[in-house]
Amino acid sequence: MRRFGIGEGSTVPISIATGVVILALWWVVAQTGLIPHLFLPTPAEVLSTARSIYEDGYANATLWEHISASLTRILSAALIAITLGIPIGIAMGLNRWVKGTFDTPIEFYWPLPPLAYLPLMIIWLGIGEASKITLLTLAMFAPIVLSAQAGVRSLSIERVNAALSLGATRFQLFTEVVLPSALPEILTGIRISLGVGWSCLVAAELIAATRGIGYMIMSASHFLATDAVFVGIGVIAVCAFAFSAVMRLLESWLVPWKGKN
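Predicted, not measured: the structure shown is a model, and the values here were computed from it.

## Details of helix α2 (residues 43–56)
Next, step 1: Helix length check: α2, at 14 residues, gives a terminal C-alpha distance of 20 Å against a target of 20 Å (1.5 Å per residue), a fit within 8%.
Next, step 2: Among all positions of α2, only Pro-43, Val-46, Thr-49 and Ile-53 are buried. Projection of α2 onto a plane perpendicular to its axis shows the buried side chains occupying an angular sector of 120°, all on one side. Among the exposed residues of α2, those pointing more than 90 degrees away from its buried face are Ala-44, Leu-47, Glu-55 and Asp-56.
Next, step 3: Each element contacted by the buried residues of α2 is listed here: α1 (12–31), α3 (63–94), α10 (213–222) and α11 (226–254).
Next, step 4: Taken from the residues just after α2, Gly-57 is the one with a positive phi, measuring 80°.

See below:
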């Protein structure tokens, strides 16, 4: 039979080759001057700026202080979103009253960009850490809820009836059938929410921040320091990639059956 899908082969060499091609195109465009260096610095200039920021810091803070501030906000928001989102999502998948209660507000605010309700966060919560973490939590909450709900609703009724016919209690049905079946979708939702959180970081750190990668990017953009902006984007990309890699490892450990018959 012919193969269907991506198969069992590794995609790492393809990904590495793609990255090399992108870097080469960047170098060619920047080196030939098709775009002025003010707007597109060369990779060598970005690396030089990264070394300078690592050694001397930027915007009155070291690079680690910027990274730790952003990590604290992201991890705090993720913890709140996961703690609230998974139980609510599972309950929405199991109970129509819970689904009817939470579905409307989540579907109402989920499509809104964070910048749309950023002023409300400032008015309601001030310019401290609470408004930043709340903004990130709202951005990360909906994907987790919707994925947990989808995981529960994808459970086939045949598996439920089989467990009940074998004498499973309601608690056993939940822990041995419902939760394991929903876990792959929940982990995927957490991965997506972490990516959404990193993408909203710059918006969150617009709120009177003095530390953070997003703040560093915005501060550099005010002075047209495009190389420093590229460094900040690279740091966010590395952090987001590391989070995604950890979640993939967690998926392979917790749900090794995912994608298999």
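## So, the nonpolar core
Next, step 1: Counting residues in each nonpolar core, the largest one holds 66 residues, and the members touching the most others are Tyr-58, Ile-190 and Trp-198.
Next, step 2: If near-sequence neighbours (up to four positions away) are discounted, Ile-190 is found in contact with Ile-82, Ile-86, Ile-144 and Met-247.

## Remarks on the pattern of salt bridges
Close approach of charged atoms allows side chains of opposite charge to pair.
Next, step 1: Considering all chains together, one arrives at five salt bridges under this definition.
Next, step 2: With a closest N to O distance of 3.9 Å, Asp-103 and Lys-99 form a salt bridge. Separated by four residues within a single helix, Asp-103 and Lys-99 lie in helix α4 (residues 96–109), roughly one turn from each other.
Next, step 3: Assessed through its relative accessible area of 23%, Lys-99 is described here as partly exposed.
Next, step 4: For Glu-251, the salt bridge goes to Arg-191, with nearest N and O atoms at 3.9 Å. Pair noted here: Glu-251 is in helix α11 and Arg-191 is in helix α8 (residues 170–199), with a separation of 60 residues, a long-range link.
Next, step 5: With relative accessibility at 8%, the residue Glu-251 sits in the buried group.
Next, step 6: Several salt bridges converge on common partners, so that one network encompasses Arg-73, Glu-129 and Glu-205.

## Re the packing of aromatic side chains
Next, step 1: Taken as a whole and judged by the stated rule, the model has three aromatic pairs.
Next, step 2: Between the aromatic rings of Trp-26 and Phe-230, the centroid separation amounts to 5.3 Å while the plane-to-plane angle is 20°, which identifies the pairing as stacked. Placement of the pair is Trp-26 in helix α1 and Phe-230 in helix α11, with a sequence separation of 204 residues.
Next, step 3: Plain terms: the ring middles of Trp-198 and Phe-243 are 5.6 Å apart, the flat faces sit at 85° to each other, and that makes the pair edge-to-face. Of this pair, Trp-198 sits in helix α8 while Phe-243 sits in helix α11, and the two are 45 residues apart along the sequence. Note on accessibility: Trp-198 and Phe-243 belong to one class, buried.

Reading the values: the criteria
- Residues numbered from 1 in each chain as written.
- Predicted model: local features only at pLDDT ≥ 70, side-chain atom pairs only at ≥ 80, totals over all residues.
- Heavy atoms only, no water.
- Helix = DSSP H or I, 4+ residues; strand = E, 2+ residues; numbered from the N terminus.
- Expected span 1.5 Å × (residues − 1).
- Buried < 20%, exposed > 50% of the residue type's maximum accessible area, 1.4 Å probe, protein only.
- Arc of directions from axis to C-beta.
- Contact = heavy atoms within 4.5 Å.
- Core = buried A, V, L, I, M, F, W, Y, C linked by side-chain atoms within 4.5 Å.
- Salt bridge = Lys/Arg side-chain N within 4 Å of Asp/Glu carboxyl O.
- Phe/Tyr/Trp six-rings, centres within 6.5 Å; stacked < 30°, edge-to-face > 60°.

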